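# Structural features, examined
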Amino acid sequence: MEKRKIIFDCDPGHDDIMAIMNALAHPEQLEILGYTTVCGNNYVDKVTRNLCQVLTALGKDGKVAVGYDAPLVLDPDPQPAAHGESGLDGPTLPEPTVQPINQHAVEFLHEMAVKHEKITIVALAPLTNIAVFLKTWPELKEKIECITLMGGSRSSGNILPRAEFNIYEDPHAAKLVFESGVPIVMSDIEICLECATPHTMIDALKGQGKVQDLAHDILQFFSLYNRRRNVPQSPVFDLVPVMHMLHPELFVEKPCKVQIETAGKYTQGMTIVDDADAEHANVRLLGHCVDVEAYNAYFMENLKILNERI
Ligand code: BDR
Ligand code: CA
């Protein structure tokens, strides 16, 4: 099988790390060319450090290129309620030996797009880096097989009643990306909620191995919000795009036309999803997961595989 060459654009972030761990478990399918970081869940220095610490803890190397520290137009709006003050509260992590490379995220994306025949961008954060890359080198759009992103919603929100964080945080960047013509796979809030992971599974990770212990500590913190409300499972948002690359058979896709609200007083970052206009579709929306049990079994299995490989 030909390996898919991927770049994570991310703001780690508990669920970003779960996505990365699941991809690291399958180097035969996914070749990680590198990681670009961006201001999102927290400022870029914090999320970059979190990523470098986790890679160090896993004994993995990797190219980490630091990107923008603010959205294109709006001010940053960190989310300590969801991810803690560090952006990755919960686990105890080592001082990082992995260090960012001396190249801006956007330059790194450029270099990778020039060098490789096709790349996939796995976008798990506000789309600032990607928007600047596409605007600066539009001729390289054809080198992008797809942008598979976590963001947006059909009818819900986690920042505003109708806006999801990654789009809300930099709606101007999102508009550029969604209107770019590059193929987009969209994992929105609704599919992430459908694929939520039972807390019993998270609890059972403890003591299974080094990787599972780390995942356990990360997910315990991330699931606190739902545990406090007596909800028995939590969405691990950013995992969905990676699971879709590994197991596309688990998902039903829908071609949709998606537009981004940048100016709305009550709707900043709203994604207007039109599933009746397949003719003008700019997005393949992951509309439904056909087997959530299998999805979560693969999730746990991937952590086990990674544990055996480090
Ligand atoms: C998104 O917001 C971030 O905080 C998460 O990592 C995820 O990418 C969910 O709305
Ligand atoms: Ca994220």
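The structure displayed is predicted, hence computed values, not measured ones.

Right, let's talk about the state of the cysteines for a bit. Scanning all chains against the criterion turns up 0 disulfides. Of all cysteine sulfurs in the structure, the one in Cys 52 sits closest to Cys 10, which takes part in no disulfide; the separation is 9.9 Å. Accessibility expressed as a relative area gives 0% for Cys 10, which makes it buried. Looking at Cys 256, it has no disulfide partner, and the nearest cysteine sulfur is the one in Cys 192, 15 Å off. Looking at Cys 256, the relative accessible area reads 0%, which means it is buried.

Let's shift gears to the packing of helix H10 (residues 210-222) against helix H13 (residues 292-309). Relative orientation of the contacting elements H10 and H13 amounts to 135 degrees, with a least axis distance of 7 Å. Taken together, the axes of H10 and H13 lie oblique to each other. Residues Lys 210, Val 211, Gln 212, Ala 215 and Leu 219 of H10 lie in contact with H13, whose contacting residues are Phe 299, Leu 303, Lys 304, Leu 306 and Asn 307. Taken together, the residues of the contact of H10 with H13 sort by class into 6 nonpolar, 2 polar and 2 charged.

With that settled, the discussion passes to the pairing of strand S9 (residues 251-260). Bridge count between S9 and strand S11 (residues 283-289): 6 bridges; the pairing is antiparallel. Residue Phe 251 lies in a different strand from S11, and its bridge partner there is Cys 289. Note: S9 against strand S10 (residues 271-274), 4 bridges, orientation antiparallel. Its bridge partner lying in S10, Lys 257 is registered against Asp 274.

Put simply, the ideal angle at a metal is 109.5 degrees for four donors in tetrahedral geometry and 90 or 180 degrees for six donors in octahedral geometry. Distances from the calcium ion (ligand 2) to its protein donors, namely Asp 11 (OD), Asp 16 (OD), Asp 16 (OD), Leu 124 (O) and Asp 238 (OD), fall within the range 2.3 to 2.6 Å. For the calcium ion (ligand 2), the single-chain donor residues occur in sequence as D-x4-D-x107-L-x113-D. In this pair, Asp 11 sits in the loop between strand S1 (4-10) and helix H1 (14-24) while Leu 124 sits in the loop between strand S4 (119-123) and helix H5 (128-136), placing the two residues 113 residues apart along the sequence. Judged by relative accessible area, which is 3%, Asp 11 ranks as buried. With a relative accessible area of 1%, Leu 124 lands in the buried category.

A word on the nonpolar core. The biggest cluster of nonpolar side chains holds 58 residues, and the ones touching the most others in it are Phe 8, Met 18, Met 21, Val 242, Phe 251, Tyr 295 and Phe 299. Ignoring anything within four residues of it in the chain, the contact list for Phe 251 reads Ile 191, Cys 195, Val 240, Met 243, His 244, Leu 286, His 288, Cys 289 and Tyr 295. Of all hydrophobic cores here, the second largest spans 36 residues; its members include Ile 119, Val 182, Cys 256 and Val 258.

This brings us to the pattern of salt bridges. Taken as a whole and judged by the stated rule, the model has 11 salt bridges. Arg 309 is paired through a salt bridge with Glu 28; the nearest N and O atoms lie 3.2 Å apart. Of the two residues, Arg 309 is situated in helix H13 and Glu 28 in the loop between H1 and strand S2 (30-37); the sequence distance between them amounts to 281 residues. Arg 284 is paired through a salt bridge with Glu 253; the nearest N and O atoms lie 2.7 Å apart. On the criterion of sequence distance, the pair formed by Arg 284 in strand S11 and Glu 253 in strand S9 is long-range, its members being 31 residues apart. Owing to a relative accessible area of 37%, Arg 284 belongs among the partly exposed residues under this scheme. Its relative accessible area of 31% is what places Glu 253 among the partly exposed residues.

Turning our eyes to something else, we now look at the site of ligand 1. Near ligand 1 you find Asp 15, Asp 16, His 83, Leu 124, Met 150, Asn 158, Glu 164, Phe 165, Asn 166, Phe 237 and Asp 238, and these make up its full shell. Between ligand 1 and Asp 16, the relevant distance is 3.1 Å, taken from an oxygen atom to a side-chain nitrogen or oxygen of the residue. Here an oxygen atom of ligand 1 sits 2.6 Å away from a polar atom, N or O, in the side chain of Asp 238. Summarising the interface, the protein chains cover 96% of the accessible area of ligand 1, which totals 280 Å² for the free molecule. Contributions of two or more residues to the shell around ligand 1 are made by H1 and helix H6 (165-169). Broken down by class, the residue content of the shell around ligand 1 amounts to 4 nonpolar, 3 polar and 4 charged.

Criteria and thresholds
- Residues numbered from 1 in each chain as written.
- Chains lettered and ligands numbered in written order.
- Predicted model: local features only at pLDDT ≥ 70, side-chain atom pairs only at ≥ 80, totals over all residues.
- Heavy atoms only, no water.
- Disulfide = S-S within 2.5 Å.
- Buried < 20%, exposed > 50% of the residue type's maximum accessible area, 1.4 Å probe, protein only.
- Axes fitted to C-alpha atoms, helices over the stretch in contact; angles between N-to-C directions.
- Helix = DSSP H or I, 4+ residues; strand = E, 2+ residues; numbered from the N terminus.
- Parallel < 35°, antiparallel > 145°, perpendicular 65-115°, else oblique.
- Contact = heavy atoms within 4.5 Å.
- Nonpolar A, V, L, I, M, F, W, Y, C, P; charged D, E, K, R; others polar.
- Pairing = 2+ DSSP bridges.
- Donors = N, O, S within 2.8 Å, 3.2 Å for Na, K, Ca; no water.
- Core = buried A, V, L, I, M, F, W, Y, C linked by side-chain atoms within 4.5 Å.
- Salt bridge = Lys/Arg side-chain N within 4 Å of Asp/Glu carboxyl O.
- Near = heavy atom within 4 Å.
- Polar contact = N/O pair within 3.5 Å; in protein donor to acceptor, adjacent residues only side chain to side chain.
- Areas by Shrake-Rupley, 256 points an atom, 1.4 Å probe, with all protein chains shown as cover.

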